[in-house]
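Working through the structure, step by step
The primary structure of each chain is shown beneath.
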Amino acid sequence: MKRNLPLIVAFISGVVILVGGFIPRDPFPRIESTLIEWFMIISGFAILLGQASLLRMNVARVAEKAPNWQYYLAGLISFGLMLAFGLLWGMEKTPGLLGQGQGIVDKLGTKPFDYLFENAFIPLSATMFSLLAFYIASAAYRAFIIRTFESNLLMITAVIVMLGRTSFAPVLTGWIPDQLSWLRLPELTNFIMQYPNTAAQRAILISAALGIVGASLRIILGIERSYLGGGK
Amino acid sequence: MKMPERSVVERRIVFLLLVLAVALPILFPLGLKTQSTPLTEQVYGLVESLPEGVPVIISFDYDPSTITELQPMAEAVIEHAWKKGHKVIATAMWPQGPQMAEIAFKDVQARMERKDAAAKKHPYGEDYINLGYKPGGLVTIQGMGRSMKAIFPTDITGQKYDEIPLLKPVRTLKDIRYVISLSAGDPGLRDWIMTANGKFNVPVAGGTTAVSAPGFLPYVNDQKQLYGLMGGLKGAAEYELLLGYEGTASLGMNPQSVAHILILAFILFGNIRAWKKRKADRLALEAKNG
Amino acid sequence: MKSSLLGLLLLLLAFGLTGKTTEQQVFSVQDNPWDDGTSILIEWDLEAGADSLNLQRADSLGAFTLIFNEFAREGRFIDSSLSTGQEYSYRLIAYNQVRGDSLIYIGSARTKAQWFDMNKLSLLILLLLVCGAILYYIFSARRGKELFIRRIGGLDSMDEAIGRATEKGKPILFVPGISDLGDIQTIAALNILSHLAYKSAEYGTELLVPCRFSMVLSAARETVKEAYLKAGKPDAYREESVFYVTDDQFGFVAGVDGIMLREQPAANFFLGAFWAESLILTETGFGTGAIQTAGTGQPHQIPFFVVSCDYTLIGEELYAASAYISRDPQQLGSLKGHDFGKLLVILLVLFGVIMEIIGAGWFKKFFEGGS
């Protein structure tokens with residue numbers, strides 16, 4: 001029963017949503033609305049589950065004095081601080097338990113949560129994403145080597161698109177006459193993005209979509225059970 | 001793959017050169033101008049085509065990590081919508097989205113006032129509203145198609161849906177004239193396309209990071225699944241150009257352009273090095289074989 | 001091939017059933033077709049002189065109120081959120097400011113819910129054909145039919161990667177993507193994790209599985225535990241080897257990068273849904289000298305994986321992995337069904353191109369659906 005009940009639920013909800021997608025008449029819209037509400041409630045609790053798991057793991061590492069336990073403690077302190085500030089004074093226009101916290105806003109210029117968000121969280125997040133630029137540069141230097149005809153073709157396309165997406169593009173090829181405007185870098189870039197790129201993206205999307213249809217069908221029919229954990 | 005020691009030094013030189021390539025054009029701007037593309041013009045055209053007073057949604061489906069690319073887009077679109085008199089409803093499929101929205105609204109107000117002290121004010125609740133974050137992605141959008149009030153019973157200040165003047169004509173997503181989703185991943189633009197446009201025929205336009213943009217181009221088609229797309233910092237700079245001002249995106253195109261040229265130089269250098277190595281290996285093999 | 005042509009024939013027949021012609025009317029009010037009975041479609045085609053309009057709906061007392069006034073000489077408006085089975089009356093006033101007069105059009109209709117959304121007929125037929133093919137091949141495989149699957153390098157290398165990790169005495173890192181359990185890519189990744197965990201248990205190699213979402217964490221723990229049980233090594237399973245990092249995308253990346261630099265795994269597997277952080281993960285892994293296998297259904301991340309990993313599963317190969325590894329006839333049969341779907345799409349695209357060239361637009365219209 002432990003394994004059969006989830007399979008039955010998956011089958012019924014899958015079939016109902018699938019059929020409801022084609023039949024606009026009652027009761028399918030109402031069933032869909034109900035399932036949407038249930039899904040949103042479960043999603044909300046899933047967030048709580050994640051936070052509880054985070055707390056448990058970090059507390060355990062600090063308690064056991066695991067290697068680098070100080071960083072886990074810093075994580076717990078940050079978590080606690082943001083939670084406390086958010087609960088007590090809220091953020092932006094949202095009030096907290098102590099209202100809009102006018103006193104503290106007068107001192108800091110903004111709510112404590114917003115202060116930490118704008119001065120700590122935003123710069124830290126943006127910095128992590130910015131690392132990508134460095135890794136792209138080192139990967140391009142190391143791996144973008146012309147070895148075959150295909151890589152040659154790729155290189156030419158990459159050069160056109162990389163130059164075409166910069167502010168140098170109009171300067172580099174702006175002198176080309178209007179009759180041959182399609183040779184200008186921005187126009188060439190638009191052509192590459194609109195035709196060969198889109199065709200390839202479409203093909204991968206269609207294949208992936210078919211894979212999703214197959215996997216979803218297997219889940220609905222109970223052939224695929226890995227989401228329950230473990231094998232068949 | 002094993003990385004030899006020499007590569008570690010080379011990597012650090014690459015990183016240092018990239019830092020310089022990005023920092024120097026910020027300190028000493030080159031004054032380069034960008035050029036708009038049809039994809040961004042389509043988004044602009046969608047906003048431009050609608051009259052005053054129509055309710056629209058701007059969905060902030062990103063977090064601070066992609067603030068450099070998507071926040072300028074958000075500000076440009078908000079400014080355009082306000083200039084056209086559209087009633088902007090901010091929603092978010094990502095938890096940090098509502099804060100990104102508030103920062104954008106604040107910055108646009110401040111910029112409009114700096115340009116013109118007598119500029120029209122845009123009060124909260126009349127010209128814009130922030131409905132906050134809701135989990136669920138695609139499922140949430142489907143719910144919005146049945147009842148906006150059921151999904152967003154209050155806004156972020158706690159005010160009830162029925163008490164907000166701006167939301168009076170908006171019963172379902174079908175009452176919205178367009179959705180612009182600024183999306184850094186999932187849930188995001190794809191869910192809006194599949195549900196808002198696919199199911200409820202609401203026009204959807206989007207802005208994404210540059211790396212994700214090519215993946216959304218198949219949706220820009222005759223059926224108008226996507227009404228144009230702003231891709232990355234360049235897309236934001238193009239929208240600023242169409243609006244007639246030079247914001248953070250336009251200024252950011254200077255270092256981005258120099259960085260692109262530098263990466264091309266790295267690729268060239270890498271290929272020269274690889275070609276020399278292949279030649280040396282071939283000569284060594286020939287010498288060995290006699 | 002035969003079944004694909006049969007499918008095409010069915011589609012053409014279906015189009016014949018749905019194709020209809022409409023007469024041009026100046027003002028028409030009708031129940032919005034193929035809906036849940038809560039909307040009415042109003043269409044108009046005004047005379048040349050009209051320059052503004054007011055569209056009004058009558059309430060229960062017969063008083064008209066404005067519902068739409070954006071001018072278009074030829075336009076349509078869908079009045080939604082109405083009650084099913086009710087009669088609604090509309091009045092369109094078309095103004096001619098130059099002449100200083102106006103024309104009034106009146107119409108009414110009753111809302112009605114339909115049993116089937118005919119705009120999605122093409123979708124239903126394609127769905128039935130593809131699902132039918134998948135089920136047919138699954139049942140054929142169950143009856144013992146041999147099904148061929150081509151070699152997928154990335155999956156063949158898994159054993160080599162595990163062996164290398166065992167030799168070096170280093171752990172294996174498996175990241176099941178950064179999406180939640182609702183994403184099919186995550187489920188595909190968990191399938192591969194099951195096989196990997198089984199092999200790790202057999203060789204006695206440590207396995208590290210950082211997770212971004214709590215539901216993925218629960219499923220991954222069950223998967224690994226089950227695999228250790230199947231390998232006959234239930235005592236070797238450690239719950240803390242499958243752990244939660246954080247919900248935040250770049251926080252998760254920072255955490256995993258830290259693990260790679262500290263634990264120095266000999267083999268890294270990045271399988272599932274990845275976004276912008278993919279190159280940060282794989283470049284860091286490359287820096288540690290690990291053998292790396294990656295796979296995702298996100299087309300825009302595949303180039304990053306290709307340049308920094310030893311093996312990459314592209315798009316559908318990720319979903320095929322489960323069938324490839326287990327050689328389960330049912331899963332192989334499902335793969336064959338996907339291939340039928342691809343063949344059908346290719347034929348439809350070719351046929352559609354030909355139809356557009358010869359000017360027969362009905363074929364494309366049938367697949368467009370929508371109002």
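No experiment lies behind these values; they were computed from the predicted model shown.

Now for the overall build of chain B. Of regular secondary structure, chain B possesses ten helices and six strands. Seen along its three principal axes, the alpha-carbon backbone of chain B occupies a region of about 90 × 45 × 35 Å. A total of 290 residues make up chain B; the buried ones form 54% of that total. When contacts within chain B are restricted to residue pairs at least 6 apart in sequence, long-range pairs at least 24 apart make up 72% of them.

Residues and elements named next belong to chain C. Side chains of strand E2 (residues 40-45) alternate between two faces, with Ile40, Ile42 and Trp44 buried and Leu41, Glu43 and Asp45 left unburied. Sheet topology places strand E1 (residues 27-31) next to E2; five bridges connect them, and they run antiparallel. Each residue of the ladder has a partner; that of Ser28, found in E2, is Glu43. Pairing analysis gives six bridges linking E2 to strand E5 (residues 74-79), with the strands arranged antiparallel. Its bridge partner being in E5, Glu43 is matched across the sheet by Arg76.

This part is about the pairing of strand E12 (residues 291-296) of chain C. Residues and elements named next belong to chain C. Burial analysis of E12 places six of its six residues in the buried class, the great majority of the element. Side chains Ile291, Thr293 and Gly295 project from E12 onto one buried face, and the interleaved Gln292, Ala294 and Thr296 project onto a second face that is buried too. For the crossover that starts at strand E11 (residues 267-271), traverses helix H7 (residues 278-287) and ends in the parallel E12, the hand is right-handed. In this view, the connection linking E12 to its parallel neighbour strand E13 (residues 311-314) by way of helix H8 (residues 302-308) has right-handed handedness.

Moving on to the confidence of the model for chain B. Across chain B, the average pLDDT comes to 92, with 98% of residues at 70 or higher. Scored as a complex, the prediction yields pTM 0.86 and ipTM 0.84.

Residues and elements named next belong to chain B. Taken in spatial order, the six strands line up as E3-E2-E1-E4-E5-E6 in an open sheet, and their pairing is parallel. Lying at the two open borders of the sheet, with one neighbouring strand each, are strand E3 (128-133) and strand E6 (229-231). The sheet shows a mean angle of 15° between the axes of neighbouring strands, taken without regard to direction. Pairing between strand E4 (residues 179-183) and strand E5 (residues 204-208): five bridges, direction parallel. Paired with Ile180 across the bridge in E5 is Ala205. Across the face of the sheet, helix H3 (residues 67-83) comes into contact with strand E1 (55-61), strand E2 (87-92), E4, E5 and E6 while running at roughly 170° to E1. In the packing of helix H7 (residues 189-197) onto the sheet, the strands contacted are E1, E4 and E5, and the crossing angle to E5 comes to about 175°.

A word on the sheet that holds E1 of chain C. All names here are of chain C. Pairing within the open sheet is antiparallel, and its three strands lie in the order E1-E2-E5. Where the open sheet ends on each side, the last strands, each with one partner, are E1 and E5. Neighbour to neighbour, the strand axes of the sheet diverge by 15° on average, direction disregarded.

Glancing now at the domain arrangement of chain A. One can read the domain layout of chain A as domain 1 (1-66) and domain 2 (144-222). Put simply, the middle of domain 1 of chain A and the middle of domain 2 of chain A, counted by C-alpha atoms, are 38 Å apart.

Turning our eyes to something else, we now look at the interface of chain C and chain A. Taken together, the contacts link 54 residues of chain C with 43 residues of chain A. The dominant element in the side of chain C that touches chain A, judged by the number of residues it contributes, is helix H5 (residues 214-230) of chain C, at eight residues. The residue makeup of the side of chain C that touches chain A, split by class, is 29 nonpolar, 14 polar and eleven charged.

When two helices pack together, their arrangement is given by the angle between their axes and by how far apart the axes lie. Residue and element names in this part refer to chain C. Packing of helix H3 (residues 153-168) against helix H4 (residues 184-203) leaves a shortest axis separation of 10 Å and a crossing angle of 35°. Considering how the two elements wind past one another, H3 and H4 form a crossing that is right-handed. Facing Met158, Asp159, Ile162 and Thr166 of H3, the residues of H4 in contact are Leu196, Lys199, Ser200 and Tyr203. Taken together, the residues that form the contact of H3 with H4 break down as four nonpolar, two polar and two charged.

Conventions adopted
Residues numbered from 1 in each chain as written. Chains lettered and ligands numbered in written order. Predicted model: local features only at pLDDT ≥ 70, side-chain atom pairs only at ≥ 80, totals over all residues. Helix = DSSP H or I, 4+ residues; strand = E, 2+ residues; numbered from the N terminus. Buried ≥ 20, exposed ≤ 12 C-beta atoms within 10 Å, placed from the backbone. Contact = placed C-beta atoms within 7 Å. Pairing = 2+ DSSP bridges. Right-handed = clockwise from strand over helix to strand, strands pointing away. pLDDT = per-residue confidence, 0-100. Axes fitted to C-alpha atoms, helices over the stretch in contact; angles between N-to-C directions. Domains from an automatic or database assignment. Nonpolar A, V, L, I, M, F, W, Y, C, P; charged D, E, K, R; others polar. Left-handed = near helix turned anticlockwise from the far one by under 90°.

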